[in-house]
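One-letter residues, chain by chain:
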Amino acid sequence: MDWIHRVDAIRQWAQNGNRAPHKPLLLLFALGRFQRDGGAPIRFDQARAELDRLLVEFGPPNPTSAGYPFHHLAGDGVWEVSTREGPGSPGSNVGALTRLEAAGRLAPEFSAALQSDSPLLAQVARLLLDKNFPASLHADICAAVGLDLEVAETDTAVRTAKAERVRGAQFRKDVLLAYEYQCAFCGYDGLLAGAPVGLDAAHVRWWAFAGPDDVANGICLCALHHKLFDKGVLGVATDHRIMVTAHFVGRSASAERQVLDLLDRPLRAPQGGFPVPDAEHLGWHRRQVLRAPVRQVRS
């Protein structure tokens, strides 16, 4: 069984670039549990709160019940669900999953493959992360699900990672040059020994969702604002003014200065000869990443 291919083929609802990382998040959660306890069944009622937190933090802005991936992932051959009444899921209804003491686990063949092939877990996890999330969130997601990916990987995986770094390096070089090595949100322009430090090339439309590696899909951001942009705290309106989600709460002077004061501030434009962020990509980010509702300008 080619488990990489099987995981790559997991069916997800997709339309007009909408994000639906519910199954990948559940599978990453299950892989984290596998590392700790070897694949013991996961009771829905015990894991529901953790799964709900993952969906809120890393899922799309529209809310989704943890029952959805818990039930539907069973149709992809990597996960199975049983209840006190026997094998099979009772559906995605949270009440039924709880009442019937539903429990899920990685398919036995999949668990056996993970146990016999130590690099497989890291390969599957990296595939799920790369296909569904920007690199800026990978470490956060691994920490949230308890995954440690510091394991041996195959030569193929190493070569793939090297190719990714080369691709990403050119994108970063182009975007930072376009924005003259300054964060487009706050103006930070730090250098260390003459080289930019703490500055990233942020994808507006994520690479995992057909976001191209070109300047029209990039914004130069400092590390803090890159993370907040990818987490849906910050966005960019059609008139290129900065948006801040109403869900963000910060009471310190630092939070006020670095986040709340950005509201309605104009996005720094790239230098002449470089394109501004593409309107379609910005629209995708507002729909799929920025968490509504957004704060309104105080009168």
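As a reminder, the structure under discussion sits directly above these lines.
First, a word on what this report is: a plain description of the structure on this page. Please read all numbers here as calculations on a predicted model, not as lab measurements.

## Describing helix α3 (residues 44-58)
(1) Moving on: Taking 1.5 Å as the rise per residue, α3 with 15 residues should run 21 Å; its terminal C-alpha atoms sit 19 Å apart, in good agreement.
(2) Moving on: Along α3, the largest kink reaches about 25° and is centred on E50.
(3) Moving on: Taken as a whole, α3 has its buried residues at F44, A47, L51, L54, L55 and F58.

## Description of empty space enclosed by the protein
(1) Moving on: Applying the stated criterion across every chain yields a total of 3 cavities of 30 Å³ or more.
(2) Moving on: Taken as a whole, the largest cavity spans an internal volume of roughly 40 Å³.
(3) Moving on: A30, R33, F34, D37, G39, A40, I42, W79, G104, R105 and L106 are the residues that line the largest cavity.
(4) Moving on: Among the elements that line the lining of the largest cavity, the one with the most residues is helix α2 (residues 22-37), at 4 residues.
(5) Moving on: Looking at the lining of the largest cavity, its residues break down into 6 nonpolar, 2 polar and 3 charged.

## Describing unusual backbone geometry
(1) Moving on: With an omega of 0°, the peptide bond between A292 and P293 qualifies as cis.
(2) Moving on: Checked against the element boundaries, P293 lands in the segment after α12 (279-288).
(3) Moving on: Despite not being glycine, E101 has its phi angle at roughly 55°, a positive value.
(4) Moving on: Note on placement: E101 falls in the loop between α5 (94-99) and β4 (103-106).
(5) Moving on: Positive phi outside glycine occurs at A193, with the angle close to 55°.

## A short note on the nonpolar core
(1) Moving on: Core analysis: the largest hydrophobic core is formed by 51 residues, its most contacted members being W79 and F110.
(2) Moving on: Those elements giving two or more residues to this core turn out to be α1 (3-8), α2, α3, β2 (79-83), α5, α6 (108-116), α7 (118-132) and α8 (138-145).
(3) Moving on: Discounting residues that sit within four places of it in the chain, W79 has contacts with L26, A30, I42, F70, L73, A74, G104, R105, L106 and A107.
(4) Moving on: Membership of the second largest hydrophobic core comes to 31 residues, among which are L176, C183, I219 and C220.

## Some details on the layout of surface pockets
(1) Moving on: Here the second largest pocket defines a volume of roughly 340 Å³.
(2) Moving on: As for the second largest pocket, its lining consists of 18 residues, of which L55, V56, E57, P60 and R291 are closest to the centre.
(3) Moving on: Here the lining of the second largest pocket gets 4 residues from one element, more than from any other, and that element is α3.
(4) Moving on: In the lining of the second largest pocket, the residues fall into 7 nonpolar, 7 polar and 4 charged.

## Notes on the pairing of β4
(1) Moving on: With 2 bridges connecting them, strand β1 (residues 42-43) and β4 associate as antiparallel partners. Note on β4: the bridge partner recorded for R43 is A103.
(2) Moving on: For β2 and β4, the ladder comprises 4 bridges, and the chain directions are antiparallel. Across the sheet, S82 pairs through a bridge with A103, a residue of β4.

## Here's the deal with the sheet that holds β1
(1) Moving on: Taken together, the 4 strands give an open sheet; going across it, the order is β1-β4-β2-β3, and neighbouring strands pair in antiparallel fashion. What marks the edges here is a single partner per strand, and that holds for β1 and β3 (86-87).
(2) Moving on: Packed onto the sheet, α2 meets β1, β2 and β4 and runs at close to 75° relative to β4.
(3) Moving on: With respect to the sheet, α6 is in contact with β2 and β4, its orientation differing from that of β4 by roughly 45°.

## With respect to the side chain of Q182
(1) Moving on: Inspection of the secondary structure puts Q182 in the loop between α9 (155-178) and β5 (191-192).
(2) Moving on: Reaching out from Q182, the side chain makes a polar contact with the backbone oxygen of G187 at a distance of 3.0 Å.
(3) Moving on: With residues near it in sequence (within four places) discarded, Q182 still touches G187, Y188, D189, L199, C220 and R268.

What counts and how
- Residues numbered from 1 in each chain as written.
- Predicted model: local features only at pLDDT ≥ 70, side-chain atom pairs only at ≥ 80, totals over all residues.
- Heavy atoms only, no water.
- Helix = DSSP H or I, 4+ residues; strand = E, 2+ residues; numbered from the N terminus.
- Expected span 1.5 Å × (residues − 1).
- Bend = angle between axes of the 7 residues up to and from the residue.
- Buried < 20%, exposed > 50% of the residue type's maximum accessible area, 1.4 Å probe, protein only.
- 1 Å grid on protein atoms, 1.4 Å probe; cavity = no way out; pocket = protein on both sides within 12 Å on 5 of 7 lines; lining within 4 Å.
- Points joined across faces, edges and corners; volume = space filled by probe spheres on them.
- Nonpolar A, V, L, I, M, F, W, Y, C, P; charged D, E, K, R; others polar.
- Core = buried A, V, L, I, M, F, W, Y, C linked by side-chain atoms within 4.5 Å.
- Contact = heavy atoms within 4.5 Å.
- Pairing = 2+ DSSP bridges.
- Axes fitted to C-alpha atoms, helices over the stretch in contact; angles between N-to-C directions.
- Polar contact = N/O pair within 3.5 Å; in protein donor to acceptor, adjacent residues only side chain to side chain.

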